[in-house]
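Observations on the three-dimensional arrangement
Now for the letters of each chain:
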Amino acid sequence: MKLSVVFKSLRSYPALRVVTGPLQSRAFQPDFILGDPKSKPVRHKYPTFYDPYGPRPQPSDKIIRLAEQIAALSPEERNLIGPTLRDRLRHPKIQPILVKGMDLGPQGGSGAGSSKAEEKKVEKTAFDVKLEKFDAAAKIKVIKEVRALTNLGLKEAKDLVEKVPILIKQGITKEEANDIIEKIKTVGGVVVME
């Protein structure tokens, strides 16, 4: 009995065999209603100014009184509103944008910012080591030392040493740079830290 129930539920219904009317196809516009072909297109009125947030409600009387009180303050008092609100609302302090090394155009930035930059000297953390010259008799020793420092092959180290003056290492700490200078000085080369 159970098999007959299963077969009854799997019974397929026959497809429509009779064409019910003329075939029309409007695949992309199923709800298209044909209008009068002689009618003029509808002209929509667009706002003169586009506001993406829509119309804003009128400010309340409390906001208007607050704006009038702020406008009545002296410029010094108005300058204190921002920091006071930031502290009261517990907003994080906005970090100033560093413009050191940026081209600011003909103005050259503010005078106060450039005088502060002169007063506060930033200590350099990354250094470059440059091979200036070496003794001709100590060329092989210098090549071996440069090869050991740069992990280059013998031919690449030789080509590098022959292109004097040239940078050997870039972006290293001061201690590493001093170690390299001492090592190359002992074998007969002249090295400068930049």
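Procedures and definitions
All residue numbers refer to positions counted from 1 along the written sequence of the respective chain. With the structure being a predicted model, the display of local features is reserved for residues of pLDDT at least 70 and the display and counting of side-chain atom pairs for 80 or more, all residues being used for whole-chain, interface and lining totals. Only hydrogens and water are removed before side-chain values are computed, so all heavy atoms of the structure are retained for them. The helix and strand labels rest on DSSP assignments: H or I over at least four residues marks a helix, E over at least two residues marks a strand, and numbering proceeds from the N terminus. Whether a residue is buried, partly exposed or exposed follows from its accessible area with a 1.4 Å probe, protein chains only, as a fraction of its type maximum: under 20%, in between, or over 50%, in that order. It only takes one pair of heavy atoms within 4.5 Å for two residues to be counted as in contact. With residues, only the protein chains shown are counted as cover, and all accessible areas are computed by Shrake-Rupley using a 1.4 Å probe. Throughout, the arc means that of the directions going from the helix axis to the C-beta atoms. To form a nonpolar core, buried Ala, Val, Leu, Ile, Met, Phe, Trp, Tyr and Cys residues must be joined to one another through side-chain atoms within 4.5 Å. What counts as an axis is a line fitted to C-alpha atoms, over the stretch in contact for a helix, and the angles between N-to-C directions run from 0 to 180 degrees. The cut-offs work like this: below 35 degrees is roughly parallel, past 145 is roughly antiparallel, 65 to 115 is roughly perpendicular, and the gaps in between are oblique. The handedness criterion is simple: a crossing whose near helix is rotated anticlockwise from the far helix by less than a right angle is left-handed, and one whose near helix is rotated clockwise is right-handed. All amino acids are sorted into three groups, where Ala, Val, Leu, Ile, Met, Phe, Trp, Tyr, Cys and Pro are nonpolar, Asp, Glu, Lys and Arg are charged, and the leftover types, Gly among them, are polar. Strand pairing is assigned whenever DSSP detects at least two bridges linking the two strands. Residues scored as positive are Lys and Arg, those scored as negative are Asp and Glu, and His as well as the terminal groups of each chain are ignored. Salt bridges are defined as contacts in which a side-chain nitrogen from Lys or Arg sits within 4 Å of a carboxyl oxygen from Asp or Glu. What qualifies as a polar contact is a pair of N or O atoms within 3.5 Å, subject to a donor-acceptor requirement within protein and to the restriction that residues adjacent in sequence count only when both atoms come from side chains.

Looking at an unreviewed UniProt entry, the protein carries the name Large ribosomal subunit protein bL12 C-terminal domain-containing protein, with the source organism given as Coffea arabica.

**Digging into the overall build of the protein**
Each helix and strand counted, the protein has eight helices and three strands in total. Walking the protein from its N terminus toward its C terminus, one meets helices and strands in the order α-α-α-α-α-β-α-α-β-α-β. When burial is assessed residue by residue, the protein has 12% of its 194 residues classed as buried. Within the protein, counting contacts between residues at least 6 apart in sequence, those at least 24 apart form 67% of the total. As presented, the protein carries roughly 18400 Å² of accessible surface, and 58% of it is formed by carbon and sulfur atoms.

**Overview of helix 7 (residues 154-162)**
Because each turn of an α-helix spans 3.6 residues, side chains separated by three or four positions in sequence point in the same direction. Buried within helix 7 we find A157, L160 and V161. The buried residues of helix 7 occupy an angular sector of 95° when the element is viewed end-on, so they sit on one face. The inward-facing, buried residues of helix 7 abut strand 1 (127-134), helix 6 (139-150) and strand 2 (166-172).

**Focus on the nonpolar core**
A general feature of soluble globular proteins is that nonpolar side chains tend to end up buried together. L131, V146 and I184 are the most contacted members of the largest nonpolar core, which totals 18 residues. For this core, the elements supplying multiple residues, two or more each, are strand 1, helix 6, helix 7, strand 2 and helix 8 (174-187). Tallying contributions element by element places helix 8 first for this core, with five residues.

**Quick notes on the packing of helix 6 against helix 8**
Running from N to C, helix 6 and helix 8 cross one another at 160°; their axes reach a closest spacing of 9 Å. As far as their axial angle goes, helix 8 and helix 6 are roughly antiparallel. Note that helix 6 runs across helix 8; the crossing there is right-handed. Contact with helix 6, carried on its side by K141, V142, E145, V146 and L149, involves I180, K183, I184 and V187 of helix 8 and no other residues of that element. Of the residues contributing to the contact of helix 6 with helix 8, the split by class is six nonpolar, no polar and three charged.

**Points about the pairing of strand 1**
Pairing of strand 1 with strand 2 involves four bridges; the strand directions are antiparallel. Directly across from K130, in strand 2, lies its bridge partner L167. The sheet contact formed by strand 1 and strand 3 (residues 189-193) spans five bridges and is antiparallel. Note on strand 3: the bridge partner recorded for V129 is M193.

**Notes on the side chain of E145**
For E145, the location among the structural elements is in helix 6. Despite its burial, E145 remains without a salt bridge, the nearest opposite charge being carried by K183 at 4.9 Å. Not counting chain neighbours up to four residues away, the residues in contact with E145 comprise K183, I184 and V187.

**Some details on the pattern of salt bridges**
Using the criterion set out here, one finds four salt bridges in the structure. A salt bridge links E162 to K139; the shortest N-O distance between them is 3.0 Å. With E162 in helix 7 and K139 in helix 6, this residue pair connects regions lying 23 residues apart in the sequence. Since its relative accessible area comes to 40%, E162 is described here as partly exposed. When the shortest N-O distance is used, the salt bridge between K158 and E162 registers 3.0 Å. On the criterion of helical spacing, the pair formed by K158 and E162 is a turn pair, its members being four residues apart in helix 7. The class for K158 is partly exposed, based on a relative accessible area of 38%. Each member of the salt-bridge network shares a partner with another, and the members are K139, K158 and E162.

**Observations regarding the side chain of T150**
Within the element layout of this structure, T150 appears in helix 6. Judged by relative accessible area, T150 falls into the buried class, the value being 18%. Polar contacts involving the side chain of T150 include one to the main-chain carbonyl oxygen of V146, which spans 2.7 Å.

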